[in-house]
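Observations on the model geometry
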Amino acid sequence: MRINRVLATAAGLALALTTGAAASAAPAPSSSTVQEAVRFELPEPTGRYPVGSTELHLVDRDRPDPWVSGRDRELMVSVWYPARSTRGYPRQPYLRPGAARHLDESGSYNLARPGEVDWAAIRTDAASGAPADSRGRRPVLLYSPGLGMPRSLGTSMAMELASRGYVVVTMDHTYETSPVEFPDGRVELAKDAGTPGKTKKAIDTRVRDTRFVLDQLAALRDGRNPDAEGRPVPHGLGRALDLKRTGMYGHSGGGVTAAETMRVDPRIDAGINMDGTLQYSATEFLPVALEGLDRPFMLMGKADQTHLNKPSWQSFWDRSTGWKRDLSLERARHFSYTDAQSFVPALDETLDIPAQLREDYIGTVDPEGSVAAQRAYIPAFFDQHLRGRPQDLLDGPSPDHPEVRFIR
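Keep in mind that what you see is a predicted model, and the values were worked out from it rather than measured.

Quick word on the overall build of the protein
Summing up its helical and strand segments, the protein has 10 helices and 13 strands in all. Scaling as 2.2 N^0.38, a compact globule of 408 residues should have a C-alpha radius of gyration of about 22 Å, and the protein matches this with 20 Å. With the C-alpha coordinates aligned to their principal axes, the bounding extent of the protein is approximately 55 × 50 × 50 Å. Going through the 408 residues of the protein one by one, you find that 62% of them count as buried. Total accessible area on the protein stands at roughly 15,100 Å², and carbon and sulfur atoms take up 47% of it. In the protein, the 50 positive side-chain charges and the 53 negative ones have mean positions that sit 5 Å from each other.

A few points about the packing of helix α8 (residues 340-351) against helix α9 (residues 355-362)
Working note: a packed helix pair is described by the angle between its axes plus the distance between those axes. Look at α8 against α9: their axes get within 10 Å of each other, and the N-to-C directions meet at 165 degrees. Taken together, α8 and α9 sit at an angle that is classed as roughly antiparallel. Crossing hand, α8 versus α9: left-handed. Of the residues in α9, those in contact with A340, Q341, V344, P345 and D348 of α8 are R358, Y361 and I362. Residue composition of the contact of α8 with α9, grouped by class: five nonpolar, one polar and two charged.

Considering the nonpolar core
Across soluble globular proteins, nonpolar side chains have a tendency to be buried as a group. W119, Y249 and F343 are the most contacted members of the largest nonpolar core, which totals 60 residues. It is helix α10 (residues 367-386) that contributes the most residues to this core, eight residues altogether. Sequence-distant contacts of F343, that is, excluding residues within four places in its chain, are made with F40, Y94, Y109, L111, W119 and L153. Formed by 48 residues, the second largest nonpolar core is a distinct cluster that contains V68, V77, L214 and F316.

Remarks on the side chain of D104
The residue D104 is located in helix α1 (residues 97-105) in this model. From its side chain, D104 meets the backbone nitrogen of G115 in a polar contact 2.7 Å long. Apart from residues no more than four positions distant in its own chain, D104 is found in contact with R113, P114, G115, E116, V117 and W119.

Some thoughts on the pattern of salt bridges
Considering all chains together, one arrives at 37 salt bridges under this definition. With a closest N to O distance of 3.2 Å, R295 and D294 form a salt bridge. Residue classification places R295 among the buried residues on the basis of a relative accessible area of 17%. Take D294: its relative accessible area is 55%, and that puts it in the exposed class. The residue D383 makes a salt bridge to R387 at a minimum N-O spacing of 3.0 Å. An identical accessibility class is assigned to D383 and R387; each is buried. When salt bridges with common partners are traced through the structure, they connect D60, R63, D65, R73 and D209 into a single cluster.

Topic: the packing of aromatic side chains
If you walk through the whole model with that rule in mind, you get 15 aromatic pairs. Among the aromatic side chains, those forming a connected cluster through ring pairs are Y143, Y166, Y249, W323, F381 and F382. Looking at R387, its charged tip hangs above the ring of Y166, at a distance of 4.1 Å from the centre.

Scoring rules and cut-offs
- Residues numbered from 1 in each chain as written.
- Predicted model: local features only at pLDDT ≥ 70, side-chain atom pairs only at ≥ 80, totals over all residues.
- Heavy atoms only, no water.
- Helix = DSSP H or I, 4+ residues; strand = E, 2+ residues; numbered from the N terminus.
- Rg over C-alpha atoms; globule rule 2.2 N^0.38 Å.
- Buried < 20%, exposed > 50% of the residue type's maximum accessible area, 1.4 Å probe, protein only.
- Areas by Shrake-Rupley, 256 points an atom, 1.4 Å probe, with all protein chains shown as cover.
- Lys, Arg positive; Asp, Glu negative; His and termini not counted.
- Charge placed at Lys NZ, Arg CZ, Asp CG, Glu CD.
- Axes fitted to C-alpha atoms, helices over the stretch in contact; angles between N-to-C directions.
- Parallel < 35°, antiparallel > 145°, perpendicular 65-115°, else oblique.
- Left-handed = near helix turned anticlockwise from the far one by under 90°.
- Contact = heavy atoms within 4.5 Å.
- Nonpolar A, V, L, I, M, F, W, Y, C, P; charged D, E, K, R; others polar.
- Core = buried A, V, L, I, M, F, W, Y, C linked by side-chain atoms within 4.5 Å.
- Polar contact = N/O pair within 3.5 Å; in protein donor to acceptor, adjacent residues only side chain to side chain.
- Salt bridge = Lys/Arg side-chain N within 4 Å of Asp/Glu carboxyl O.
- Phe/Tyr/Trp six-rings, centres within 6.5 Å; stacked < 30°, edge-to-face > 60°.
- Lys NZ or Arg CZ within 6 Å of the ring centre and 35° of its normal.

Take a look at the structure:
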């Protein structure tokens, strides 16, 4: 979504389109008799490693929360990693119970009525708390979601990357992304993050969040438990972290966060921006758009979001001296770069989502082709730049992925 528009939250707001149109309520799904709440499955990871997952509650005692006075800044993150064994460990829920309940009651991203989607029953293919495969340290990737959106929307790609040997940390940005559930069951929603003029504050806060998470991962690597409650972390997880090979990717405002954090923090070696406009407003670009980057970075947009038709991307492109690519998922829409690419078609099979609403979310791109393309190009980028494995796929168009256009 455009980061200079109202921050669309999971509290029932319809998506804000990247065309710059203001967020508005989309038509409710057509009436259909649903005998029981709908469940769906995310695509299975395709890599060689089984996937483990855990959550960490992180508290920055040195930073007051910018959205709520009188509180230290606190975050929830999920860690997805190659597991040594998954036998006997339960599947990680897609959402915690309180967050699932809120999402359901608020209308499931405007896709369903309360009670029509059983979010609490959705399970991932990751084993909760399974021991990490720490036979050798693994590159670390950070993921930041779109403004207002929860980290859960990046679950499928996080699992895919973990199955290919990465440790992936998906972050919520409390009181701006929403809903965020903490270990005690407390659910926090967005505060004033959507107020006009707050976008710069949101991005600045996200950058500081990301740098703090990197600090906490370093503590975990060094044998210290960063969880605020001191809950045990999976065996071997700290030893699996190779923070000398760190990348970041994000969707929308999360992609902006990846670029801007790379500008100020040399610990991030390579990054991807998925459909995030690099400007605070129609007239003000982010510093990274004005300065560019000297490290590998990939822009991933769609037909109306490339460096040839978006001034902030053009500015970033012209000023970046590092390796760079601009890939367009041509018939996609903004939320094609999230789990919505998979669960909107799945929900549509039962709930008969209005065609225009479905297109607003995920466009007319073939869903399986879109998922396959993202699972090809995103790991290829990080394999080349964090693992030193050259990827022919990044050199030009591939007949295996006709949905993707290289923007020259």
